[in-house]
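Next come the chains, spelled out residue by residue.
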Amino acid sequence: MKSYRKELWFNAPTRRAFINITAQIEECLRESGIKEGLVLVNAMHITASVFINDDESGLHHDFDKWLEKLAPHEPVSQYRHNVGEDNADAHLKRQVMGREVIVAVTESKLDFGPWEQIFYGEFDGKRKKRVLVKIIGE
Ligand code: ZN
(Lines give C-alpha, C1' and ligand atoms only; values in the text may rest on other atoms or scores of the structure.)
Protein backbone atom coordinates (compact mmCIF):
# COMPACT_ATOMS: atom_id res chain seq x y z
CA MET A 1 0.00 0.00 0.00
CA LYS A 2 1.21 3.49 -0.86
CA SER A 3 0.68 6.47 1.40
CA TYR A 4 0.96 10.21 0.70
CA ARG A 5 0.73 13.21 3.03
CA LYS A 6 0.74 16.93 2.29
CA GLU A 7 -0.24 20.13 4.09
CA LEU A 8 -1.86 22.90 2.04
CA TRP A 9 -1.69 26.45 3.41
CA PHE A 10 -4.38 29.10 3.11
CA ASN A 11 -4.51 32.75 4.14
CA ALA A 12 -8.01 34.08 3.47
CA PRO A 13 -8.02 37.91 3.25
CA THR A 14 -11.48 38.03 4.85
CA ARG A 15 -12.92 36.72 8.11
CA ARG A 16 -15.09 34.19 6.27
CA ALA A 17 -14.43 32.55 2.90
CA PHE A 18 -15.20 29.48 0.83
CA ILE A 19 -12.30 28.37 -1.38
CA ASN A 20 -12.59 25.65 -4.02
CA ILE A 21 -9.57 23.39 -3.42
CA THR A 22 -10.55 20.57 -5.83
CA ALA A 23 -7.74 21.33 -8.31
CA GLN A 24 -5.16 21.24 -5.49
CA ILE A 25 -6.47 17.88 -4.25
CA GLU A 26 -6.34 16.53 -7.82
CA GLU A 27 -2.71 17.73 -8.02
CA CYS A 28 -1.95 15.87 -4.75
CA LEU A 29 -3.53 12.75 -6.22
CA ARG A 30 -1.33 13.02 -9.35
CA GLU A 31 1.75 13.49 -7.15
CA SER A 32 0.83 10.44 -5.05
CA GLY A 33 0.65 8.14 -8.07
CA ILE A 34 -2.18 6.28 -6.33
CA LYS A 35 -4.79 4.83 -8.72
CA GLU A 36 -7.19 3.07 -6.33
CA GLY A 37 -7.75 4.15 -2.73
CA LEU A 38 -9.07 6.93 -0.51
CA VAL A 39 -8.31 10.62 -0.05
CA LEU A 40 -8.87 12.26 3.32
CA VAL A 41 -8.91 16.07 3.38
CA ASN A 42 -9.29 17.77 6.76
CA ALA A 43 -8.99 21.24 8.21
CA MET A 44 -6.20 21.31 10.82
CA HIS A 45 -7.82 24.20 12.69
CA ILE A 46 -10.97 24.22 14.84
CA THR A 47 -12.36 27.37 13.21
CA ALA A 48 -12.22 26.11 9.60
CA SER A 49 -13.95 23.35 7.62
CA VAL A 50 -13.49 21.11 4.65
CA PHE A 51 -16.72 20.13 2.92
CA ILE A 52 -18.13 18.98 -0.40
CA ASN A 53 -20.86 20.79 -2.28
CA ASP A 54 -21.63 22.65 -5.49
CA ASP A 55 -19.38 25.46 -6.77
CA GLU A 56 -22.13 28.01 -7.14
CA SER A 57 -21.83 31.58 -5.82
CA GLY A 58 -25.53 31.89 -4.87
CA LEU A 59 -25.23 28.77 -2.76
CA HIS A 60 -22.09 30.07 -1.03
CA HIS A 61 -23.90 33.29 -0.25
CA ASP A 62 -26.78 31.20 1.18
CA PHE A 63 -24.38 29.15 3.33
CA ASP A 64 -22.87 32.34 4.71
CA LYS A 65 -26.26 33.90 5.53
CA TRP A 66 -27.50 30.66 7.10
CA LEU A 67 -24.38 30.24 9.23
CA GLU A 68 -24.62 33.87 10.36
CA LYS A 69 -28.22 33.23 11.45
CA LEU A 70 -27.20 30.11 13.37
CA ALA A 71 -24.12 31.65 14.98
CA PRO A 72 -23.87 35.42 14.39
CA HIS A 73 -20.39 36.87 14.82
CA GLU A 74 -21.78 39.99 16.55
CA PRO A 75 -22.26 40.76 19.33
CA VAL A 76 -19.14 38.86 20.35
CA SER A 77 -20.10 39.29 24.03
CA GLN A 78 -23.00 36.80 23.60
CA TYR A 79 -20.57 33.85 23.76
CA ARG A 80 -18.86 32.52 26.87
CA HIS A 81 -15.92 31.40 24.72
CA ASN A 82 -15.19 35.02 23.86
CA VAL A 83 -13.25 35.89 26.97
CA GLY A 84 -10.08 37.30 25.44
CA GLU A 85 -11.20 35.95 22.02
CA ASP A 86 -13.79 36.84 19.41
CA ASN A 87 -14.12 33.63 17.44
CA ALA A 88 -16.78 31.56 19.24
CA ASP A 89 -19.02 31.84 16.17
CA ALA A 90 -16.21 30.39 14.03
CA HIS A 91 -15.98 27.29 16.27
CA LEU A 92 -19.75 26.79 15.94
CA LYS A 93 -19.77 27.35 12.16
CA ARG A 94 -16.96 24.84 11.72
CA GLN A 95 -18.92 22.28 13.72
CA VAL A 96 -21.92 22.63 11.39
CA MET A 97 -19.87 22.56 8.15
CA GLY A 98 -17.65 19.68 9.26
CA ARG A 99 -13.98 18.92 9.77
CA GLU A 100 -13.15 16.64 6.81
CA VAL A 101 -14.18 14.80 3.69
CA ILE A 102 -13.21 11.39 2.35
CA VAL A 103 -13.34 10.79 -1.40
CA ALA A 104 -12.87 7.49 -3.22
CA VAL A 105 -10.07 7.27 -5.77
CA THR A 106 -10.97 5.20 -8.83
CA GLU A 107 -8.75 4.89 -11.90
CA SER A 108 -6.54 7.77 -10.64
CA LYS A 109 -9.50 10.18 -10.36
CA LEU A 110 -11.56 11.62 -7.50
CA ASP A 111 -14.75 9.55 -7.76
CA PHE A 112 -17.29 12.39 -7.32
CA GLY A 113 -21.04 12.46 -7.71
CA PRO A 114 -22.61 15.11 -9.96
CA TRP A 115 -21.40 18.69 -9.23
CA GLU A 116 -19.35 17.67 -6.20
CA GLN A 117 -16.36 19.91 -5.44
CA ILE A 118 -14.16 20.18 -2.35
CA PHE A 119 -14.10 23.45 -0.41
CA TYR A 120 -12.07 24.97 2.37
CA GLY A 121 -14.43 26.92 4.62
CA GLU A 122 -12.81 29.71 6.61
CA PHE A 123 -14.66 31.23 9.58
CA ASP A 124 -11.83 33.11 11.34
CA GLY A 125 -9.51 34.19 8.56
CA LYS A 126 -6.81 36.79 7.91
CA ARG A 127 -4.17 34.33 9.11
CA LYS A 128 -2.32 31.28 7.81
CA LYS A 129 -4.07 27.95 8.32
CA ARG A 130 -3.51 24.43 7.07
CA VAL A 131 -5.41 21.59 5.45
CA LEU A 132 -4.10 18.04 5.63
CA VAL A 133 -4.30 15.77 2.59
CA LYS A 134 -3.74 12.05 3.22
CA ILE A 135 -4.03 9.53 0.40
CA ILE A 136 -3.76 5.78 0.84
CA GLY A 137 -4.09 3.00 -1.70
CA GLU A 138 -2.16 1.52 -4.55
ZN1 ZN B 1 -11.55 30.29 19.96
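Predicted model only: the values in this text are computed from it and were never measured. (Residues numbered from 1 in each chain as written. Predicted model: local features only at pLDDT ≥ 70, side-chain atom pairs only at ≥ 80, totals over all residues. Heavy atoms only, no water.)

Caption draft 1: Just the packing of aromatic side chains, in detail. All chains considered together, the criterion is met by 6 aromatic pairs. Relative to Phe51, the ring of Phe18 lies with its centre 5.6 Å away and its plane at 85°, an arrangement referred to as edge-to-face. One end of the pair, Phe18, is in strand 2 (residues 17-20); the other, Phe51, is in strand 4 (residues 48-53), and 33 residues separate them in sequence. In terms of burial, Phe18 and Phe51 fall into one category: buried. The interplanar angle of 20° and the centroid separation of 5.5 Å between the aromatic rings of Phe51 and Phe119 together place this pair among those described as stacked. With Phe51 in strand 4 and Phe119 in strand 7 (residues 117-122), the pair connects residues that are 68 residues apart, well separated along the chain. For the pair shown, Phe51 and Phe119 are each scored as buried. Taken together, the aromatic side chains of Phe18, Phe51, Phe63, Phe119 and Phe123 make up a single cluster linked through ring pairs. If you follow Lys128 out to its NZ or CZ, it ends over the ring of Trp9, 4.8 Å from the centre. (Phe/Tyr/Trp six-rings, centres within 6.5 Å; stacked < 30°, edge-to-face > 60°. Helix = DSSP H or I, 4+ residues; strand = E, 2+ residues; numbered from the N terminus. Buried < 20%, exposed > 50% of the residue type's maximum accessible area, 1.4 Å probe, protein only. Lys NZ or Arg CZ within 6 Å of the ring centre and 35° of its normal.)

Caption draft 2: Layout of a negative patch on the surface. On the surface, Glu36, Glu107, Asp111 and Glu138 cluster together into a patch of negative charge. In this fold, Glu107 is placed in the loop between strand 5 (100-106) and strand 6 (109-110). Take Glu107: its relative accessible area is 65%, and that puts it in the exposed class. (Patch = residues over 30% accessible without salt bridge, like charges linked within 9 Å, V, L, I, M, F, W, Y side chains within 5 Å. Areas by Shrake-Rupley, 256 points an atom, 1.4 Å probe, with all protein chains shown as cover. Salt bridge = Lys/Arg side-chain N within 4 Å of Asp/Glu carboxyl O. Lys, Arg positive; Asp, Glu negative; His and termini not counted. Charge placed at Lys NZ, Arg CZ, Asp CG, Glu CD.)

Caption draft 3: Quick peek at helix 1 (residues 22-32). Turning to helix 1, its buried residues number three or more, namely Thr22, Ile25, Cys28, Leu29 and Ser32. Around the axis of helix 1, the buried residues are gathered within 120° of arc, so they sit on the same side. Along helix 1, the residues that are exposed and aim more than 90 degrees away from the buried face are Ala23 and Arg30. Of the residues one or two after helix 1, Gly33 is the one with positive phi, at around 70°. (Arc of directions from axis to C-beta.)

Caption draft 4: Geometry of the coordination of the zinc ion. Those donors, His81 (NE2), Glu85 (OE), Asn87 (OD1) and His91 (NE2), are the protein atoms that reach the zinc ion, and they lie 2.1 to 2.3 Å from it. Each of the 4 donor atoms bound to the zinc ion contributes to angles spanning 78 to 169°, and the resulting shape is irregular. Considered as a linear motif, the donors of the zinc ion on their single chain read H-x3-E-x1-N-x3-H. Residue classification places Glu85 among the partly exposed positions, given a relative accessible area of 37%. (Donors = N, O, S within 2.8 Å, 3.2 Å for Na, K, Ca; no water. Tetrahedral: all angles 85-135°; square planar, octahedral: opposite > 155°, others 65-115°.)

Caption draft 5: Spatial organisation of the pairing of strand 3 (residues 37-43). Note: strand 3 against strand 5, 6 bridges, orientation antiparallel. Counted as the bridge partner of Leu38 is Ala104 from strand 5. Pairing of strand 3 with strand 8 (residues 129-137), which is carried by 7 bridges, proceeds in the antiparallel orientation. Residue pairing for strand 8: Ala43 is matched across the bridge by Val131. (Pairing = 2+ DSSP bridges.)

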